[in-house]
Amino acid sequence: DGQRTLFLEVADALGNSDLRQFTFRLDRTVPGEPLFDLAPLSDSGPTGDLRTDQTSVTLTGLAEAGATLQLTRATVPGTPGTGTPVATTTAAANGTFAFSGVALTAGANSFVVRVVDAAGNVGGTLAQTFTLNAAPTVANPIAPQALTAG
């Protein structure tokens, strides 16, 4: 890995030649596993509890700067991160990224984020399950009661 220089010389049958130099950066390092969670404004309960009251959320995270991140719904059985992407984004220069407008249904919603760096090296995946809280229901409502004074 690192900066490399390739020298290429081409010659024809008459002895004419030309030397060219190409400098490039070799990157064979696999990016690390991304981190992601509900954005603070999408997190309805205690921060970090992976629960929300919102049907559309923003997921934020951290990965290698400039990497492409794919968000997929996790299905079991299956290989994590291999489904159809729900969203794709690029990590900023400081490594932060966000997926906005991610739809949730009531109950558990599992997602996987896969990272691919600028050189095309496929990194690890991270799976998270976020729960959309269901509104409480009343199974057996109590009939109105008459109160008498005295």
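Each value, and the rule that gives it
- Residues numbered from 1 in each chain as written.
- Predicted model: local features only at pLDDT ≥ 70, side-chain atom pairs only at ≥ 80, totals over all residues.
- Heavy atoms only, no water.
- Patch = residues over 30% accessible without salt bridge, like charges linked within 9 Å, V, L, I, M, F, W, Y side chains within 5 Å.
- Areas by Shrake-Rupley, 256 points an atom, 1.4 Å probe, with all protein chains shown as cover.
- Salt bridge = Lys/Arg side-chain N within 4 Å of Asp/Glu carboxyl O.
- Helix = DSSP H or I, 4+ residues; strand = E, 2+ residues; numbered from the N terminus.
- Buried < 20%, exposed > 50% of the residue type's maximum accessible area, 1.4 Å probe, protein only.
- Contact = heavy atoms within 4.5 Å.
- Pairing = 2+ DSSP bridges.
- Axes fitted to C-alpha atoms, helices over the stretch in contact; angles between N-to-C directions.

Draft legend 1. A look at a nonpolar patch on the surface. On the surface, Leu6, Leu8, Val10, Phe22 and Phe24 cluster together into a nonpolar patch covering about 460 Å² of accessible area. In terms of residue count, the dominant contributor to the nonpolar patch is strand β1 (residues 2-11) (3 residues). Phe22 gets classed as partly exposed once you look at its relative accessible area, which sits at 43%.

Draft legend 2. Molecular detail of the environment of Gln3. As for its position among the elements, Gln3 is in strand β1. Excluding anything up to four places from it in sequence, Gln3 contacts Thr23, Phe24 and Arg25.

Draft legend 3. Highlighting the sheet that holds strand β5 (residues 56-62). The antiparallel open sheet is built from 3 strands, whose spatial order is β3-β5-β8. Of all the strands in the sheet, the pair left with one neighbour each is β3 (35-38) and β8 (96-103). Each strand of the sheet is rotated relative to its neighbour by a mean of 25°, with strand direction disregarded. Examined bridge by bridge, β3 and β5 share 4 bridges and lie antiparallel to one another. Counted as the bridge partner of Leu38 is Leu59 from β5.

Interpretation note: all reported values are geometric properties and have no functional meaning in isolation.
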